[in-house]
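Structure assessment
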Amino acid sequence: MLRVARKAIIVIEPYNSVVGKMIGTEWEEHDESINYVYRWDKKMIEQTVKSYLLKNYGKIRVFRFWDHNVVVGKLARLFGGKLKLPAAKLIYSALTPVSFTGNMCVGVVIKSTR
């Protein structure tokens, strides 16, 4: 993506955090497909961008947020019926103040216009 994108890239991947390791999975299994869950962090994204683009990047921004749909989904299902969606929203809003401990990583890279 770094090489072929004209202006910018955005990636959303699991964050390398203690919480992500506690409630996340190491392997995702769907039918016969098995994938390793590779976890990113700010330093790794910055190093990857700099190694591919050298000095040809404008900005690198990395954000963390809470998004563990499996755990939140299980908790929300306890409320059943029409209360599932409001319960999930309530759980995510309760986690917002501690988003710096989040388990998802959003990396935004804006390429240089030079």
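Since we're looking at a predicted model, the values are computed, not measured.

1. Section: the sheet that holds strand 1 (residues 8–14)
By definition, the strands of a sheet pair up through backbone hydrogen bonds, in either a parallel or an antiparallel sense. Spatially, the three strands line up as an open sheet ordered 1-5-4, and their pairing is antiparallel. The sheet is open, and its two edges are formed by strand 1 and strand 4 (57–65), each paired on a single side. Strand-to-strand, the axes of this sheet are offset by a mean angle of 15 degrees, without reference to chain direction. Relative to strand 5 (residues 104–111), strand 1 is paired through seven bridges, and the arrangement is antiparallel. Within the sheet, the bridge partner assigned to Glu-13 lies in strand 5 and is Cys-105. On top of the sheet, helix 2 (residues 42–53) reaches strand 1, strand 4 and strand 5; it is set at about 160 degrees to strand 4, its chief contact.

2. Some words on a nonpolar patch on the surface
On the surface, a cluster of nonpolar side chains totalling about 470 Å² of accessible area is made up of Trp-27, Ile-34, Tyr-36 and Tyr-38. Within the element layout of this structure, Ile-34 appears in strand 3 (residues 33–36). Judged by its relative accessible area of 53%, Ile-34 is exposed.

3. Comments concerning the packing of aromatic side chains
Counted by the stated rule, this structure contains two aromatic pairs. When the ring of Trp-27 is compared with that of Tyr-36, the centres are 5.3 Å apart and the planes differ by 65 degrees; the resulting orientation is edge-to-face. Under the relative-accessibility criterion, Trp-27 is labelled partly exposed at 46%.

4. Observations concerning the pairing of strand 5
Burial within strand 5 is extensive, with six of its eight residues counted as buried. Sheet topology places strand 4 next to strand 5; eight bridges connect them, and they run antiparallel. The residue bridging Phe-65 from the neighbouring strand is Met-104, located in strand 5.

5. Focus on the environment of Trp-27
Here Trp-27 shows up in strand 2 (residues 27–30). Sequence spacing of Trp-27 and Tyr-38 is eleven residues, and the spatial spacing of their C-alpha atoms is 9.1 Å. With near-sequence residues (within four places) excluded, Trp-27 lies in contact with Ile-34, Asn-35, Tyr-36 and Val-37.

6. Concerning the nonpolar core
In this structure, Leu-2, Ala-5, Ile-9, Tyr-15, Ile-45, Val-49, Leu-53, Ile-60, Val-62, Cys-105 and Val-109 together form the largest nonpolar core, which totals eleven residues. Taken together, the elements giving at least two residues each to this core come down to helix 2, strand 4 and strand 5. For this core, the element with the most residues is helix 2, which contributes three residues. Contacts of Val-62, omitting those with residues within four sequence positions, involve Tyr-15, Lys-42, Ile-45, Cys-105, Val-106 and Gly-107. Judged by nonpolar contacts, the second largest core, of five residues, contains Val-72, Ala-87, Ala-88 and Ile-91.

Conventions used here
Residues numbered from 1 in each chain as written. Predicted model: local features only at pLDDT ≥ 70, side-chain atom pairs only at ≥ 80, totals over all residues. Heavy atoms only, no water. Pairing = 2+ DSSP bridges. Helix = DSSP H or I, 4+ residues; strand = E, 2+ residues; numbered from the N terminus. Axes fitted to C-alpha atoms, helices over the stretch in contact; angles between N-to-C directions. Contact = heavy atoms within 4.5 Å. Patch = residues over 30% accessible without salt bridge, like charges linked within 9 Å, V, L, I, M, F, W, Y side chains within 5 Å. Areas by Shrake-Rupley, 256 points an atom, 1.4 Å probe, with all protein chains shown as cover. Salt bridge = Lys/Arg side-chain N within 4 Å of Asp/Glu carboxyl O. Buried < 20%, exposed > 50% of the residue type's maximum accessible area, 1.4 Å probe, protein only. Phe/Tyr/Trp six-rings, centres within 6.5 Å; stacked < 30°, edge-to-face > 60°. Core = buried A, V, L, I, M, F, W, Y, C linked by side-chain atoms within 4.5 Å.

These results come straight from atomic positions and should not be treated as a statement about function.
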